[in-house]
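What the coordinates show
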Amino acid sequence: MNSKLLSCKLTTLSLIREADQFGAVFKPSIKLRSQEYKTLLGGLLSIVIYGLSFSYFVYGIYQWQTNQILPGIVSYDAVQESQDFQTGNETTISFTPRIDSSAAVNPFNKSAVIMIALKYLFVDGKATKNFTRIPIINGSLLQNNMEIIINSTYHQEYYTIITDCMPYFLESDEQCASNSTIKQFWSQNNIMSYSFYFQQYNTVDRVLNNISKQYFMVINQEQTFYNQVYIKSTLTQADYGLLFPDVYNYQYISDVSQTSQSLNIQTFTSLFQVPIYVIFAVHMDMLQTQQNIQFPNISQVLADIGSIVSLILFLSYIAILLNQKGLEEEAKQDIIKMFFPTIDQIEVKKNWYGKVLQVHNPITKQQFEVKQYKDYYQKLNDIAEQKLCFANQIFEMSRLQFAIQKLIGKEELSKYRDINLKVTLQAIKNLVVDESQPFQFRNNNQITPAQENSKGESRIELRDDKQDNILTEQIPKQDTTVEQVKQQPEEKRELIQDVEIKYEYDETDFDLICMIRNEF
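Report follows, based on the coordinates.

Cut-off values and rules
Residues numbered from 1 in each chain as written. Predicted model: local features only at pLDDT ≥ 70, side-chain atom pairs only at ≥ 80, totals over all residues. Heavy atoms only, no water. 1 Å grid on protein atoms, 1.4 Å probe; cavity = no way out; pocket = protein on both sides within 12 Å on 5 of 7 lines; lining within 4 Å. Points joined across faces, edges and corners; volume = space filled by probe spheres on them. Nonpolar A, V, L, I, M, F, W, Y, C, P; charged D, E, K, R; others polar. Helix = DSSP H or I, 4+ residues; strand = E, 2+ residues; numbered from the N terminus. Contact = heavy atoms within 4.5 Å. Pairing = 2+ DSSP bridges. Expected span 1.5 Å × (residues − 1). Buried < 20%, exposed > 50% of the residue type's maximum accessible area, 1.4 Å probe, protein only. Arc of directions from axis to C-beta. Salt bridge = Lys/Arg side-chain N within 4 Å of Asp/Glu carboxyl O. Core = buried A, V, L, I, M, F, W, Y, C linked by side-chain atoms within 4.5 Å. Axes fitted to C-alpha atoms, helices over the stretch in contact; angles between N-to-C directions. Parallel < 35°, antiparallel > 145°, perpendicular 65-115°, else oblique. Left-handed = near helix turned anticlockwise from the far one by under 90°. Disulfide = S-S within 2.5 Å.

A separate point is empty space enclosed by the protein. For the structure shown, the criterion picks out one cavity of 30 Å³ or more. In this structure, the largest cavity encloses a volume near 40 Å³. Contributing to the lining of the largest cavity are W64, N67, I69, T203, R206, F295 and P296. Its residues placed into classes, the lining of the largest cavity shows four nonpolar, two polar and one charged.

Turning to the side chain of N381, a few remarks are in order. Inspection of the secondary structure assignment puts N381 in helix α7 (residues 370-387). Excluding its chain neighbours within four sequence positions, the residues that come into contact with N381 are E329, K332 and I336.

With antiparallel pairing, the five strands of this open sheet are ordered in space as β8-β9-β3-β12-β13. If you trace the sheet from one side to the other, it starts and ends with β8 (136-137) and β13 (207-218), each paired once. Pairing of β8 with strand β9 (residues 140-143) involves two bridges; the strand directions are antiparallel. Pairing of I137 across the sheet is with S140, part of β9.

With that settled, the discussion passes to α7. Since the α-helix turns once every 3.6 residues, residues separated by three or four places project in the same direction. Taking 1.5 Å of rise per residue, 18 residues should cover 26 Å, and α7 covers 26 Å from first to last C-alpha, within 8% of that figure. When α7 is considered as a whole, its buried residues turn out to be Y373, L380, N381 and A384. Looking straight down α7, one finds its buried side chains confined to an arc of 105°; they lie on one side. Facing away from the buried side of α7 by more than 90 degrees, the exposed set consists of K371, Q372 and K379. Against α6 (316-339), β18 (347-350) and β19 (356-361) lie the buried residues of α7.

When glycine is set aside, most residues are seen to have a negative phi, and most peptide bonds are trans. Phi is positive for N138, which is not a glycine, with a value near 55°. The topology assignment puts N138 in the loop between β8 and β9. Judged by its relative accessible area of 77%, N138 falls in the exposed class. A positive phi angle is found at R206, which is not glycine, with a value near 60°. Turning to its location among the elements, R206 is positioned in the loop between β12 (191-202) and β13.

What follows deals with the pattern of salt bridges. Oppositely charged side chains are able to pair whenever their charged atoms sit close together. The final tally for this structure, using the stated rule, is nine salt bridges. We note a salt bridge from E174 to R133, for which the minimum N-O separation is 3.2 Å. With E174 in the loop between β11 (155-164) and α3 (179-187) and R133 in strand β7 (residues 126-134), this pair connects stretches of sequence that are 41 residues apart. With a closest N to O distance of 3.1 Å, K371 and D375 form a salt bridge. Of the two residues, K371 and D375 both sit in helix α7, four residues apart, roughly one turn of that helix.

So, about the nonpolar core. In terms of nonpolar packing, the biggest core is built from 54 residues, with F95, M115, M217 and F280 touching the most fellow members. Formed by six residues, the second largest nonpolar core is a distinct cluster that contains Y201, Y240, I293 and F295.

This paragraph deals with the sheet that holds strand β20 (residues 366-368). The strand order β18-β19-β20 describes an open sheet built from three strands, whose pairing is antiparallel. Bordering the open sheet on either side are β18 and β20, each of which pairs with just one other strand. Strand-to-strand twist across the sheet, computed as the mean angle between neighbouring axes with direction ignored, equals 25°. Taken together, the three bridges between β19 and β20 define a ladder with antiparallel strand orientation. Pairing of V359 across the sheet is with F368, part of β20. Along the sheet, α7 contacts β18, β19 and β20; its crossing angle with β19, the most-contacted strand, is approximately 80°.

Another aspect to go through is the packing of α6 against α7. Contact geometry of α6 with α7 gives a least axis separation of 9 Å together with a crossing angle of 105°. What the angle tells us is that α6 and α7 run roughly perpendicular. Each of E329, K332, Q333, I335, I336 and F339 in α6 lies in contact with α7, whose residues at this interface are Y377, L380, N381, A384, E385 and K387. Across the contact of α6 with α7, the residue classes break down as six nonpolar, two polar and four charged.

The geometry of helix α2 (residues 40-65) relative to helix α5 (residues 298-313) is characterised by a closest axis approach of 10 Å and an angle of 155° between their N-to-C directions. Our classification of the angle between α2 and α5 gives roughly antiparallel. Relative to α5, α2 is oriented so that their crossing is right-handed. Residues I49, Y50, L52, S53, Y56, F57, G60, I61 and W64 of α2 pack against I298, V301, L302, I305, I308, V309, I312 and L313 of α5. For the contact of α2 with α5, the residue count by class is 15 nonpolar, two polar and no charged.

This part takes up the environment of F95. Along the chain, F95 turns up in strand β3 (residues 93-97). Overall, the relative accessible area of 1% leaves F95 in the buried class. Other than its neighbours up to four places away in sequence, F95 contacts F108, S140, L141, T160, I162, M192, S193, Y194, M217 and F280.

What follows is about the state of the cysteines. With the rule as written, the count across this model stands at one disulfide. Through a disulfide, C165 is tied to C176; the S-S separation comes to 2.1 Å. The S-S bond linking C165 to C176 shows a torsion near -70°; that makes this disulfide left-handed. Residue C165 is found in the loop between β11 and α3, and its partner C176 is found in the loop between β11 and α3; the two are separated by 11 residues along the sequence.

Structure, rendered in structure tokens:
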């Protein structure tokens, strides 16, 4: 049961270990403490490339924060058979007389009112008794507070009329004009401007901007200026989400269309029982513009920045190619210098585009033919390139094995496979075999200096840890040669050979043929 649990635990740990997506790959050093080949040109290109990338990143974020990146807008018109739109206190229509001189009469002067404006409510095309006075503000008429409703069973709209002054509708600070003032007014050219007010969504400031359209009309006593006005609304859905959707809805008047004509003054007199000089029939357009605005979120901004940065980083491929070429050339030069150290003494003069002009040795005062040097160095360069090949390195190691095997024999060479260096944690003495200081050893590989007896002989003790027996062999205090080993009995010969194999190699051999540190 315990073995199954242990096996299950090991399997689970192995699966978790295999799921590690952050495994590190061993990179052999090109030089001491340097795993990558880096150059000054590569450093300059890195600064330029990453500097441009970071600058564009900052620029992209700045554009995003200041709403300079155009949002995605989808707009279409849809038929809305049911609408309920209220303008509130916002001005929808204004009327302002055009005064060309100081002598001209303003019909909307509170001290001498000539004309007043009334707003009538019509339901399903029929007039109701629900009407209100449009106030005079600074010599103009400002119409607001309209609620226009349309659906399949109910249709509500407004008619705005301008007629003669009636004391019943005046405020306490107002009074109708005298007959002479009224006569003077009709004797002049009466041009009146009227303006429609609507809104448009500003994607930069993310607010609704007020916009107006101005038109002109002529007023006289014999005609009625009739104008059909169609208000078009827009429903805007703006998504301000930083990462996830955050939608706000805006409904507003986005445009106004009109159809105007002049009619006889008696056309609407029977309906309103008073002369009508101006009449505006305000309707709601059944076509509503629906607009969806998707502002860029952080993921879209980073994606756009990343695409441009990727193009900039494509230039880094040039630096990579240059560094790869430089690494190969330097590696081949290092290999050539290992075999031919004096090649550094040769100086090569080149022009600005790399053509060899002169080859000489300033130390030996020798000058070489350029073509001969180029052919010779190219030959060395080709051999060095071959030595860098991994397959060639394995091949050369195999040849060395065969050469050593021929010199010392297969059996002797196989013994070196089991040679190990002992780790010494105490720095009291360095475990280096001193020929003048014999050692005694045990089967557990513990080494202690041997004691000399009175006869000048050394004693080697072999301790059997299981039986606690000590086997002692007397070895003369002298160097043991290979011939002397061969003359010894077989058991003793193996003992001496064991001593040679165990103690001929120690921890100082770890870097015996390593490159000197200042050569890296």
